[in-house]
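# Summary of the model geometry
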Amino acid sequence: MRPTLVCGPEDSIERAVSELRRNGGGVLPIVSSGVLVGVVTEATLANSLGAGADVLAPCTEAMSEAYSIAPYASGAEALRLLSDMDRPTLVVVDDLGRVVGLLSPSDLFPRRRMLPRPSPVGGMATPFGVYLTSGPLHGGVSPFALMATGALMLCMLTLGGVLSVLMLAPLDNTSLSLTVKSILVNGMAIALFLLMMRLAPLSGTHGAEHMVVHAIERGEELTPEVVSRMPRVHPRCGTNLAVGLCMFTSIQGVPWIDDVGGRTVVAAIVTLFLWRPVGSFAQQYITTKKPSDRQLRSGIKAGMDIIEKYSTARFSTASIPVRVWNSGLLHVIAGSMLAVGVLKGAMFLFHFNIPGLE
């Protein structure tokens, strides 16, 4: 099937004509509250023109019954429907009546196997492989593997804090203010965390995840030869958001301008212009690296998994709670909280303190 534009029943015939030209295939689905109610075709438009329809009238006046097919139906079934009906195109709808694409006879001719692909696709790297999600679906490693990611990152951040305190302990005997010491210790902790992130295998898995997502979005074959050519930097990576948040809080929190409002405005402007380029730099040189063959295979397996699931899915949308669950953020947070609990339990049992966890 192919993606399709749609119009609502309240849209004018004029807009439907414009969208039909852009859509191709001679069919434009009409959707009400997300559900297919009919189609506008070249034939129905010709009849409307012949009847003198006003171009500003609702497009439902040029609408006819839609012939649909499920996204999990076989090609043979689609061919039978197309042969039996005097229609050049079928509208592909899921079990809730929501439009997901169009299907014409030319789409059924033999060609390179290309299953329908979800868009957009996001994901995360875990110590056990690549995790991908389209919102309603997820593929690759189990979502609970993301808990290991949260625990690992929390442990690396904690280790960076401990090492920074030990390395900068001589500053306690200097006349530096507490504010300057705090800035130096926190800066050193973040630098050590980023260094560990770069050196850890997790960054290679992160790179594989980005490369597979690029290949899926570009319609490329998910083979090692093709995926290995894809870029490691992706515009929707969470690294960009983390960099933007760090930039804003760092600029706004340091009292280099007395007026808090002025600092906030400057921080917002600088972040607005620099968060993406600085985030891309951080992705390229810190949070991702060239994946190993094993990591690349893990990413490809996750990509094939989510594509296969999407091609047979009964539903094309999901509720917000399902999307949040499949995003993996809750699992990462749970993993980090579990790591905090374990570390605090060890501190209590063995009577020692970890900087930042007291």
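All of these numbers come straight from a predicted model, not from anything done at the bench.

Cut-offs used in this document
Here the residue index of a chain counts from 1 through its sequence in written order. Totals for whole chains, interfaces and linings use all residues, but because this is a predicted model, local features are given only for residues with pLDDT of at least 70 and pairs of side-chain atoms are given and counted only at 80 or more. With hydrogens and water set aside, each side-chain value is computed from the structure's full complement of heavy atoms. Secondary structure is summarised from DSSP: a helix means a run of H or I of at least four residues, a strand means a run of E of at least two, and numbering begins at the N terminus for each. Radius of gyration here uses only the C-alpha atoms, and the compact-globule reference equals 2.2 Å multiplied by the residue count raised to the power 0.38. Here's how the labels work: a residue is buried when its accessible area is under 20% of the maximum for its type, exposed when over 50%, partly exposed in between, all with a 1.4 Å probe on protein chains only. We score Asp and Glu as negative and Lys and Arg as positive, and we do not count His or the chain ends. Salt-bridge detection follows one rule: a side-chain nitrogen of Lys or Arg within 4 Å of a carboxyl oxygen of Asp or Glu. The contact criterion used is simple: two residues touch if any of their non-hydrogen atoms lie within 4.5 Å. Only strands joined by at least two bridges in the DSSP assignment are considered to pair. Between N-to-C directions, angles cover 0 to 180 degrees, with each direction set by a line fitted to C-alpha atoms, over the stretch in contact for helices. Only the six-membered ring of Trp is used, alongside the rings of Phe and Tyr, when aromatic pairs are assigned; centres must lie within 6.5 Å, and planes under 30 degrees apart are stacked while those over 60 apart are edge-to-face, with the rest tilted. Multiplying one less than the number of residues by 1.5 Å gives the expected span of a helix. Definition of nonpolar core: a set of buried residues of the types Ala, Val, Leu, Ile, Met, Phe, Trp, Tyr and Cys, connected through side-chain atoms within 4.5 Å.

### Some words on the overall build of the protein
Helix and strand counts for the protein stand at 12 helices and 8 strands. Taking 2.2 N^0.38 as the reference for a compact globule, 358 residues should give roughly 21 Å; the C-alpha atoms of the protein span a radius of gyration of 27 Å, well beyond that estimate. Over its C-alpha atoms, taken along the principal directions, the protein stretches across nearly 90 × 50 × 35 Å. Considering the protein as a whole, with its 358 residues, one finds that 39% of them fall into the buried category.

### Describing the side chain of Asp94
One can find Asp94 in the loop between strand S4 (90-93) and strand S5 (99-103). Of the side chains bearing the opposite charge, Arg98 lies closest to the buried Asp94, which forms no salt bridge; the N-O distance is 5.2 Å. Residues in contact with Asp94, not counting those within four places in the same chain, are Pro71, Arg314, Phe315 and Ser316.

### Quick notes on the sheet that holds strand S7 (residues 129-133)
Spatially, 3 strands are ordered S6-S7-S8 in an open sheet, and the strand pairing comes out antiparallel. The open sheet has two edge strands with one neighbour each: strand S6 (122-126) and strand S8 (138-140). For this sheet the average axis-to-axis angle between neighbouring strands, irrespective of direction, equals 20°. Bridge count between S7 and S8: 3 bridges; the pairing is antiparallel. The residue bridging Tyr131 from the neighbouring strand is Gly140, located in S8. Together, S6, S7 and S8 form the strand contacts of helix H11 (residues 320-327), whose direction differs from that of S7 by roughly 165°.

### Digging into the environment of Glu14
Following the sequence through the fold, Glu14 ends up in helix H1 (residues 13-23). When the C-alpha atoms of Glu14 and Leu49 are compared, they prove to be 11 Å apart, with 35 residues separating the residues in sequence. In this structure Glu14 touches Val55 and Leu56, once residues within four positions along its chain are discounted.

### A few points about unusual backbone geometry
For residues that are not glycine, phi is negative in most cases, and the peptide bond is trans in most cases. Across the junction of Ser119 and Pro120, the peptide omega takes the value 0°, indicating a cis bond. Assignment of secondary structure puts Pro120 in the loop between S5 and S6. Unlike most non-glycine residues, Ser33 shows phi in positive territory, near 55°. Tracing the backbone through its elements, the reader meets Ser33 in the loop between strand S1 (27-32) and strand S2 (35-41). Ser33 gets classed as exposed once you look at its relative accessible area, which sits at 71%.

### Considering the side chain of Ser311
Topologically, Ser311 is positioned in helix H10 (residues 293-311). Not counting residues within four places of it along the chain, the set of residues in contact with Ser311 comprises Pro71, Tyr72, Leu115 and Pro116.

### As for the packing of aromatic side chains
This structure, assessed with the given rule, holds 2 aromatic pairs. Look at Phe144 and Trp325: their rings are 6.2 Å apart centre to centre, the planes differ by 75°, and that puts the pair in the edge-to-face class. With Phe144 in the loop between S8 and helix H4 (145-167) and Trp325 in helix H11, this pair connects stretches of sequence that are 181 residues apart. A relative accessible area of 51% places Phe144 in the exposed class.

### Points about the pairing of S7
It is a general feature of regular strands that their side chains alternate between the two faces of the sheet. Of all 5 residues in S7, 5 are buried, a share of seventy percent or more. One ladder, built from 5 bridges, connects S6 with S7; its direction is antiparallel. Bridge pairing in S7 places Gly122 opposite Thr133. The turn joining S6 and S7, which pair antiparallel and follow one another in sequence, is formed by 2 residues. With antiparallel pairing between neighbouring strands as the criterion, S7 and S8 make up a hairpin whose turn holds 4 residues, including Gly135 at a positive phi of roughly 110°.

### Quick notes on helix H6 (residues 201-217)
Residues three or four positions apart in an α-helix share a direction because the helix packs 3.6 residues into each turn. Here H6 is 17 residues long and its end C-alpha atoms lie 25 Å apart, about the 24 Å a rise of 1.5 Å per residue gives. By the criterion of burial, H6 is predominantly enclosed, with 15 of the 17 residues buried. Two residues or fewer past H6, Gly219 is found with a positive phi of approximately 75°.

### Quick word on the sheet that holds S5
Strands sit in the order S3-S4-S5 across an open sheet of 3 strands; the sheet is mixed. The open sheet is flanked by strand S3 (68-69) and S5, the only strands paired with a single partner. Sheet analysis places S3 next to S4, joined by 2 bridges and oriented parallel. Each bridged residue has a counterpart across the sheet, and for Ile69 the counterpart in S4 is Val92.

### Concerning the nonpolar core
Within the largest apolar cluster, 20 residues are counted, with the highest numbers of intra-cluster contacts made by Leu132, Ile216, Leu222 and Val227. Among the elements of the structure, S7, H6, helix H7 (224-227) and H10 are those that each provide at least two residues to this core. Per element, the largest residue contribution to this core is 6 residues, and it comes from H6. With 11 residues, the next largest nonpolar core counts Cys7, Ala16, Leu28 and Cys59 among its residues.

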